[in-house]
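# Geometric and topological summary
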Amino acid sequence: PNHLTMALYNHAAIWDDEPELWPKGYYTNGHVLVDAQKMSKSAGNFLLMDETVELYSADATRFACADAGDSLDDANFSRETADSAIVS
């Protein structure tokens, strides 16, 4: 089973008598990109959220994540965007 199957199963099990509380839809994305390259440990561009917050700040990380995209394209975390959002 995958995450989508388990999410649907859990909602149906918890709200068995209330299907109006079940998800109406899901939004998913493909790969997460960092500076337009697929994020991967082997490429050396893997980012952990706590490390990113420490490096850029929570607000700059939020800004860069929000700017990463909300379309069907892969999300792209831009280090330049995070850098520019740092308030000194």
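Look up: the structure comes first, before these words.
Residues numbered from 1 in each chain as written. Predicted model: local features only at pLDDT ≥ 70, side-chain atom pairs only at ≥ 80, totals over all residues. Heavy atoms only, no water.

Attention now goes to the overall build of the protein. Scanning the protein from terminus to terminus reveals four helices and three strands. When the helices and strands of the protein are placed in sequence order, the string is α-β-β-α-α-β-α. Relative to the 2.2 N^0.38 estimate, which gives 12 Å for 88 residues, the radius of gyration of the protein is 17 Å and therefore markedly larger than a compact globule would have. In terms of principal-axis extent, the alpha carbons of the protein reach across some 50 × 30 × 25 Å. Buried positions account for 20% of the 88 residues belonging to the protein. Contacts in the protein between residues far apart in sequence, at least 24 positions, make up 42% of those at least 6 positions apart. When the accessible area of the protein is evaluated, it comes to approximately 6,800 Å², of which 56% is carbon and sulfur surface. The distance from the centre of the 5 positive side-chain charges to the centre of the 15 negative ones in the protein is 6 Å. (Helix = DSSP H or I, 4+ residues; strand = E, 2+ residues; numbered from the N terminus. Rg over C-alpha atoms; globule rule 2.2 N^0.38 Å. Buried < 20%, exposed > 50% of the residue type's maximum accessible area, 1.4 Å probe, protein only. Contact = heavy atoms within 4.5 Å. Areas by Shrake-Rupley, 256 points an atom, 1.4 Å probe, with all protein chains shown as cover. Lys, Arg positive; Asp, Glu negative; His and termini not counted. Charge placed at Lys NZ, Arg CZ, Asp CG, Glu CD.)

Moving on to the sheet that holds strand β3 (residues 75–77). Pairing is mixed in the open sheet, where three strands are placed in the order β2-β1-β3. In this open sheet, the two edge strands, each paired with only one partner strand, are β2 (37–38) and β3. Bridging between strand β1 (residues 32–34) and β3 involves three bridges; their strand directions are parallel. Considered in β3, the bridge of Val-34 is made with Phe-77. (Pairing = 2+ DSSP bridges.)

Let us look at the nonpolar core. In this structure, Val-34, Leu-47, Tyr-56, Ala-60, Ala-64, Phe-77, Ala-82 and Ala-85 together form the largest nonpolar core, which totals eight residues. Excluding residues within four positions of it along the chain, Ala-60 makes contact with Ala-82, Ala-85 and Ile-86. (Core = buried A, V, L, I, M, F, W, Y, C linked by side-chain atoms within 4.5 Å.)

To continue, consider the packing of aromatic side chains. What characterises a pair of aromatic rings is the spacing of the ring centres plus the angle enclosed by the ring planes. Taken as a whole and judged by the stated rule, the model has one aromatic pair. Aromatic pair Tyr-56 and Phe-77: ring centres 6.2 Å apart, planes at 55 degrees, arrangement tilted. Here Tyr-56 is found in helix α2 (residues 49–56), whereas its partner Phe-77 is found in strand β3, with 21 residues between them in sequence. On the accessibility criterion, Phe-77 (7% relative accessible area) is buried. Positioned above the aromatic ring of Phe-46 is the side chain of Lys-41, whose terminal nitrogen or guanidinium carbon lies 5.4 Å from the ring centre. (Phe/Tyr/Trp six-rings, centres within 6.5 Å; stacked < 30°, edge-to-face > 60°. Lys NZ or Arg CZ within 6 Å of the ring centre and 35° of its normal.)

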